[in-house]
Amino acid sequence: MSIPKVSVVQYLNTAPLIWGMLKGEQQGKFDLSFTTPALCADAVRQKTVDIGIIPSIEYQRLDKAQIISGISIATKGEVKSVLLLSKVPIAKIQTVAVDNSSRTSAALLRILMRKFYSRFITATPMPPKPEDMLKRADAALVIGDPALTYTGQVPEMYDLGEEWKKFTGLPFVFALWVGYEDLRLTRFRKDFEDSRDYGLAHIDEIASEYAPKLNMKVQGVKVYLTQNIDYSLDEENRNGLRLFYKLARELGIIAVEKDLYFA
């Protein structure tokens, strides 16, 4: 049997999920490729990979897809790596340059602006270079490592995980392991759970490796991976995910709202 192909987002927050596949007992069991969130989703859609850690909004755009249960990239509040950098207060934003690798965060931004700030915004996809983005628009939506390591100065900065929690009282799920149901994904679930658990048991090692790459302090990486990111898909996270899908359908971001189908 061929080794399953797995598409992985090349951000720090994915590292704990695949640490066992890189360094632990799951090593050699999966063929990993690294890319952006948007391209992960495209690879799953086109079936060039078997499983991908895809933006949560993309699950709704795939037919006959399954989620590997119990695992996600989520936040219970402040996330630190999904930021809206703005030249004006959020209630005055009209134009936003959106990181072109983002789909879930772009949908979350539209929901927050429409539902909770009553703002209609014009969004323009751009490469994640905050200075260039802010030359083109009132605000810039930056995600992943570029957001986490942003050191520039802007008049206003909003953490979208925090914004979602403020208005809904719920966590937000940014990404899910997803593949098609005909692959019998259940057989991979234990390996994916064990790889994550191995990663969470080796946060010190991950932080020591990634901190110099990102020009961050080791302690800052550890705090981010243990306090800002939540790797479960517990009932609270699932409730947040369902509300996100409901609001996305109401705004026409997705055509239909499918229930969560787990492997």
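What counts, and where the lines are drawn
- Residues numbered from 1 in each chain as written.
- Predicted model: local features only at pLDDT ≥ 70, side-chain atom pairs only at ≥ 80, totals over all residues.
- Heavy atoms only, no water.
- Helix = DSSP H or I, 4+ residues; strand = E, 2+ residues; numbered from the N terminus.
- Buried < 20%, exposed > 50% of the residue type's maximum accessible area, 1.4 Å probe, protein only.
- Contact = heavy atoms within 4.5 Å.
- Salt bridge = Lys/Arg side-chain N within 4 Å of Asp/Glu carboxyl O.
- Core = buried A, V, L, I, M, F, W, Y, C linked by side-chain atoms within 4.5 Å.
- Pairing = 2+ DSSP bridges.
- Expected span 1.5 Å × (residues − 1).
- Arc of directions from axis to C-beta.
- Polar contact = N/O pair within 3.5 Å; in protein donor to acceptor, adjacent residues only side chain to side chain.
- Phe/Tyr/Trp six-rings, centres within 6.5 Å; stacked < 30°, edge-to-face > 60°.
- Lys NZ or Arg CZ within 6 Å of the ring centre and 35° of its normal.
- Axes fitted to C-alpha atoms, helices over the stretch in contact; angles between N-to-C directions.
- Parallel < 35°, antiparallel > 145°, perpendicular 65-115°, else oblique.
- Left-handed = near helix turned anticlockwise from the far one by under 90°.

Student: Got a minute to help me understand the environment of Ser33 in this structure?
Tutor: Tracing the backbone through its elements, the reader meets Ser33 in strand S2 (residues 31-35). Given a relative accessible area of 33%, Ser33 falls into the partly exposed group. In this structure the C-alpha to C-alpha distance between Ser33 and Ile111, which are 78 residues apart in sequence, comes to 31 Å. Setting aside its immediate chain neighbours within four residues, Ser33 contacts Val6, Ser7, Val8 and Val49.

Student: What should I look at first to understand the pattern of salt bridges in this one?
Tutor: Summed over the entire model, instances satisfying the criterion amount to 18 salt bridges. As a salt-bridge pair, Lys76 and Asp234 come within 2.8 Å of each other at their nearest N and O atoms. Of this pair, Lys76 sits in the loop between strand S5 (71-75) and strand S6 (82-86) while Asp234 sits in the loop between strand S12 (230-232) and helix H11 (235-250), and the two are 158 residues apart along the sequence. Judged by its relative accessible area of 26%, Lys76 falls in the partly exposed class.

Student: Looking at this model, I keep getting lost on the nonpolar core. Mind explaining?
Tutor: Core analysis: the biggest nonpolar cluster contains 85 residues, and Leu12, Leu84, Leu176, Trp177, Phe192 and Phe244 have the highest contact counts within it. Ranked by residues supplied to this core, first place goes to strand S11 (residues 172-180) with eight residues. Among all residues touching Leu176, those that are not within four sequence positions of it are Gly52, Ile53, Ile54, Ser56, Tyr59, Ile67, Ile71, Ser72, Leu233, Leu241 and Tyr245.

Student: Whenever I open this one, the pairing of S2 confuses me. Can you help?
Tutor: Taken residue by residue, a regular strand's side chains alternate between the two faces of the sheet. As paired strands, strand S1 (residues 5-9) and S2 are joined by five bridges and run parallel to one another. Its bridge partner lying in S2, Val9 is registered against Thr35.

Student: Can you walk me through helix H8 (residues 189-201) in this structure?
Tutor: In an α-helix, one full turn covers 3.6 residues, which means residues spaced three or four apart are oriented alike. Under the 1.5 Å per step criterion, the end-to-end length of H8 is 18 Å for 13 residues, consistent within 8% with the ideal 18 Å. Taken residue by residue, H8 has Asp191, Phe192, Ser195, Arg196 and Gly199 as its buried positions. Down the axis of H8, the sector holding all buried residues measures 135°, keeping them to one side. Residues of H8 that are exposed and point over 90 degrees away from its buried face: Lys190 and Ala201.

Student: Just to check I follow, could you spell out the side chain of Ser86 for this structure?
Tutor: Topologically, Ser86 is positioned in strand S6. In this structure Ser86 comes out as buried when scored by relative accessible area, which is 0%. Engagement of the side chain of Ser86 in a polar contact is seen with the backbone oxygen of Val88, the distance being 2.5 Å. Residue contacts for Ser86: discarding those within four places in its chain leaves Ile93, Asp138, Ala139, Val154, Pro155, Glu156 and Tyr158.

Student: Where do I start with the packing of aromatic side chains in this structure?
Tutor: The geometry of an aromatic ring pair is captured by two quantities: the separation of the ring centres and the angle between the planes. On inspection of all chains with the given rule, the structure shows 11 aromatic pairs. Here the aromatic rings of Phe30 and Phe188 are separated by 5.9 Å at their centres, their planes lie at 75°, and the arrangement is edge-to-face. With Phe30 in the loop between helix H1 (15-23) and S2 and Phe188 in the loop between S11 and H8, the pair connects residues that are 158 residues apart, well separated along the chain. Residue classification places Phe30 among the buried positions, given a relative accessible area of 8%. Taking relative accessible area as the criterion, Phe188 reaches 8% and is therefore assigned buried. Seen from their ring centres, Phe172 and Phe244 are 4.8 Å apart, and the 70° between their planes marks the pair as edge-to-face. Pair noted here: Phe172 is in strand S11 and Phe244 is in helix H11, with a separation of 72 residues, a long-range link. Exposure remark for Phe172: the relative accessible area of 1% places this residue in the buried category. You can call Phe244 buried: its relative accessible area is 0%. The ring of Tyr210 carries Lys213 above its face, with NZ or CZ at 4.7 Å from the centroid. Stacked on the ring of Tyr59, the Lys or Arg Lys258 has its end atom at 4.9 Å from the ring centre.

Student: How should I be thinking about the packing of helix H4 (residues 104-117) against helix H7 (residues 160-168) in this particular structure?
Tutor: A pair of packed helices is characterised by two quantities: the angle between their axes and the separation of those axes. Packing of H4 against H7 brings their axes to within 11 Å, and their N-to-C directions diverge by 40°. Regarding the angle of H4 to H7, the classification is oblique. Crossing geometry of H4 relative to H7 is assigned as left-handed. Taken together, the residues of H7 that come into contact with H4 (itself represented by Ser105, Leu108, Leu109, Ile111, Leu112, Phe116 and Tyr117) are Leu160, Glu163, Trp164, Lys166, Phe167 and Thr168.

Student: Got a minute to help me understand unusual backbone geometry in this structure?
Tutor: The general pattern is negative phi for most residues beyond glycine and trans for most peptide bonds. A positive phi angle is found at Lys64, which is not glycine, with a value near 60°. Secondary-structure assignment places Lys64 in the loop between helix H3 (56-59) and strand S4 (65-67). The exposure class of Lys64 is exposed, given its relative accessible area of 63%. Here the phi dihedral of Arg184 falls at roughly 50°; this positive angle occurs in a residue that is not glycine. Following the sequence through the fold, Arg184 ends up in the loop between S11 and H8.

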